[in-house]
Structure formats: structure tokens, C-alpha cells
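Structural overview
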Amino acid sequence: MEFPTNTDEVNNLIRPVPIEPVTIICAADEHYALPLAVMLESLSSNANPSRRIDVYIIDCGLSESVRMRISKQVRPNLHFHWQLSTRSRDIGDPSWGHVSGATYERLIIDEYLPGDTTFALWLDCDLLVLDDITTLFQRPLKGHTLLAVRDAFIPSVSSRFGVHNWQELGLTKKQPYFNAGVMLIDMDRWRASEVASRAAQYIQRYGKKVYFNDQEALNAVIGDDWFSLDDRWNCSANPFHARQQSPDRDVPAIIHFSGRIKPWDLPDLGLSQKLFFHYVDKTSWRGNRPHRSAKNLLLSWYVTSHLRTFTYWLENQHLRLRHFLGI
């Protein structure tokens, strides 16, 4: 065996192999400026500092001052790429509920990312990232379009609020339904399968019959072409939903404040909210807290009380009624 005899050859052998940067994409409007800042702060606080992270932020109406405040959070390995929304108005806006049109940006992420992007991680803004997010990029997709966590509220496509025409689409009754708040996506397969256009067509075709907007559309067109992540990578902050997840929820990698109850809107919501404000106070929004009105305090009491155990089914009935009325 021959050994290197000069310094350059030795250095070439011991030099570490460059680690590819990871790509993350998210979207926010002005109402979600604070949670966006918190999500990014928690992400950067817990990520591997030696790994370059390119974050593509789709601007759906953020003010210049908000963009500047968030840009000041940049750490050496975190690189922001601001992208103005180009969402086609043909998709429309959600026909009911509290969700803004920014939710549909998930369907056209290929328009915002460089054409040579191989893998991208979509993150909702109402998340706390408590583990090294870059480790997700080491998970094999095993020939699937995406990795995601099975939804705790809607476990199957045939569940209430699932995919309403699952039989027509040829899906099986027990086909798992994923939550679209955290998705590691194989962009080559995403483009080749024309996920964006097919999902948009689904929304346009079924309109007000669709419950959870682009999430239902993605489940409808992707079907079983996804692989399940551990529940800890998308752990619901809603205790009723978290009960349906694995025991690993006690050590969540990501906490998801899904649903209408948000920690920045109501006071006194418990430990997950205290953790949320721990990260708020590491941003330029430090000290920001929900208004403590009599109404908000009463609602906070109800949300965290045992009474809700007996009335939660009524909330779901109310959800169905609001969907029916389009409010």
C-alpha cells in the first residue's frame, strides 16, 4: 500500500466531506408575524450550528418592519430568502374558518425554491421546534413523495373531516391521513407527480365540501405515497389530540399549536404556552403577551378545565356547522 507523501495529499484525506445545506420553506401573513419569529427562533436555537440552513419565507403580506425584525434573528448558519407570494387566485381563499389564504402556498412551493432543490421541509408557523431539525434530512423517504406525521384528529381518510370522496378516489377506508404542518418532501417526485396542479384541481372541483383546505387536497392526491414520521415530530398541543399520539409525545421534537386556540391569543394555557413565550422573549417581540380581558380569562379557564372533556364533542359539532354555513 502506498501512503501520501506530501502535505496537500494528507490534508485532502483528513478534510471532512462537505455537508449539504438543508432547505426549509414556510409562509406567513401579518397576523402570523409573531409565531413565524418564534418558530424560526426555536428552530435556530436547537439546530446543529455547523449545518447551513436555507429558509425560504413566502411573504403573504408582511410589513417591511416585520421583515427587518425577523431578519435580525439570523444566526451564522441560518440564511433567509424572502419570496413574495405569487399564489394563483384561481385556487381562491379558504371558504370558511380561521385559516388565511397563506395555507395554499404549500401547494406551489416548487415556484419558490431553486429548480435543483432535491429535498425541502415545509413547516407551518404555529410550531415550536425543540430538536435539531436538520436530522430529519437523514431520514430515508423509501421511495415516497413525503414524510409526515399521521394526524391525531383525523387518523384516516375515511374519518370525520377526512377526505370526503375517498372511495371515489380509490383510497382504502383505513388509509392513514397525514397532518401537513410538517412535511419533508422529495421535490423531484412532487414535481413529477404534479402534486400542486392536482391538489388545486381537487379544491376547485369540490369547493365547499373540502374541510381542511390544502391538507385534505394533499391527502386526496398523494394517497398512500407518503411514509410516517414519529409522532414527536408533529406533536399536537391540543390535549385531546395528543392522547391519540405515541408515548414519545412527552419528549416532543416539534409542538404544533394547531386549531383555533393559539398561545399568542389567550393567556394561561399551560406549560406549552410557557415554553412558547420562552422563545418569544428571545425575539424582538420579547414581553409580548395576550390581553388579559375577562372574556379571554374565561375562555382560557374553559380550554384547560375538566369541563371541556365532556363538551369537546360539541365543539366538533360546531365545527361541522361552521363548515356547512361557510363561516
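In short, a report on the structure.

Along the backbone of the chain there are 10 helices and 10 strands. Across the 327 residues that make up the chain, the buried fraction comes to 51%. Long-range pairs, those at least 24 residues apart, make up 75% of the contacts in the chain between residues at least 6 apart in sequence. If you sum the accessible surface of the chain, you get close to 16,300 Å²; carbon and sulfur atoms cover 53% of it.

The next subject is the nonpolar core. One finds L36, M39, L43, V55, I70, L123 and I133 to be the most contacted residues of the largest nonpolar core, which totals 48 residues. It is helix α2 (residues 33–46) that provides the largest number of residues to this core, a total of 8 residues. Apart from residues no more than four positions distant in its own chain, V55 is found in contact with I24, C26, L40, L78, H79, F80 and H81.

In this section: the sheet that holds strand β2 (residues 53–59). Judged by pairing direction, the sheet is mixed, and its 7 strands sit side by side in the order β3-β2-β1-β4-β7-β6-β8 without closing on themselves. Looking at which strands have only one partner, the edges of the open sheet turn out to be β3 (78–84) and β8 (226–228). The mean inter-strand angle of the sheet, taken between neighbouring strand axes irrespective of direction, is 25°. One ladder, built from 5 bridges, connects strand β4 (residues 119–123) with strand β7 (residues 178–186); its direction is antiparallel. The residue bridging W122 from the neighbouring strand is M183, located in β7. Contacts from helix α6 (residues 213–222) reach β6 (146–150), β7 and β8 within the one sheet, and its direction differs from that of β7 by about 55°.

Another point: the sheet that holds strand β10 (residues 254–256). Reading across the sheet, the 3 strands line up as β5-β10-β9 and stay open at both edges, with mixed pairing between neighbours. Each end of this open sheet is capped by a strand with a single partner; those strands are β5 (127–129) and β9 (235–236).

Here we take up the packing of aromatic side chains. This structure, assessed with the given rule, holds 12 aromatic pairs. Seen from their ring centres, F80 and W82 are 6.3 Å apart, and the 80° between their planes marks the pair as edge-to-face. Residue classification places F80 among the buried residues on the basis of a relative accessible area of 15%. Between the aromatic rings of W264 and F276, the centroid separation amounts to 5.8 Å while the plane-to-plane angle is 35°, which identifies the pairing as tilted. In this pair, W264 sits in the loop between β10 and α8 (271–280) while F276 sits in helix α8, placing the two residues 12 residues apart along the sequence. What makes W264 buried here is its relative accessible area of 9%. Members of the aromatic cluster, joined through ring pairs, are Y32, F257, W264, F276 and F277. The residue whose ring lies beneath R69 is W285, and the NZ or CZ to ring-centre distance is 3.8 Å.

A surface patch of nonpolar side chains, amounting to about 340 Å² of accessible area, comprises L298, W301 and L307. Locating W301 in the fold gives a position in helix α9 (residues 294–304).

Looking now at the pairing of strand β1 (residues 22–28). Judged by how many residues are buried, β1 sits mostly within the fold: 7 of 7 residues are covered. Every second residue of β1 is oriented toward a common face, with V22, I24, C26 and A28 on one face and T23, I25 and A27 on the other, all of them buried. Direction of pairing for β1 relative to β2: parallel, over a ladder of 7 bridges. When the sheet's bridge partners are listed, I25 is paired in β2 with Y56. Running through α2, the crossover from β1 to the neighbouring parallel element β2 is right-handed. Across 2 bridges, β1 lies against β4 in parallel orientation. Residue pairing across strands places I24 opposite L121, the latter belonging to β4.

Definitions and limits used
Residues numbered from 1 in each chain as written. Predicted model: local features only at pLDDT ≥ 70, side-chain atom pairs only at ≥ 80, totals over all residues. Heavy atoms only, no water. Helix = DSSP H or I, 4+ residues; strand = E, 2+ residues; numbered from the N terminus. Buried < 20%, exposed > 50% of the residue type's maximum accessible area, 1.4 Å probe, protein only. Contact = heavy atoms within 4.5 Å. Areas by Shrake-Rupley, 256 points an atom, 1.4 Å probe, with all protein chains shown as cover. Core = buried A, V, L, I, M, F, W, Y, C linked by side-chain atoms within 4.5 Å. Pairing = 2+ DSSP bridges. Axes fitted to C-alpha atoms, helices over the stretch in contact; angles between N-to-C directions. Phe/Tyr/Trp six-rings, centres within 6.5 Å; stacked < 30°, edge-to-face > 60°. Lys NZ or Arg CZ within 6 Å of the ring centre and 35° of its normal. Patch = residues over 30% accessible without salt bridge, like charges linked within 9 Å, V, L, I, M, F, W, Y side chains within 5 Å. Salt bridge = Lys/Arg side-chain N within 4 Å of Asp/Glu carboxyl O. Right-handed = clockwise from strand over helix to strand, strands pointing away.

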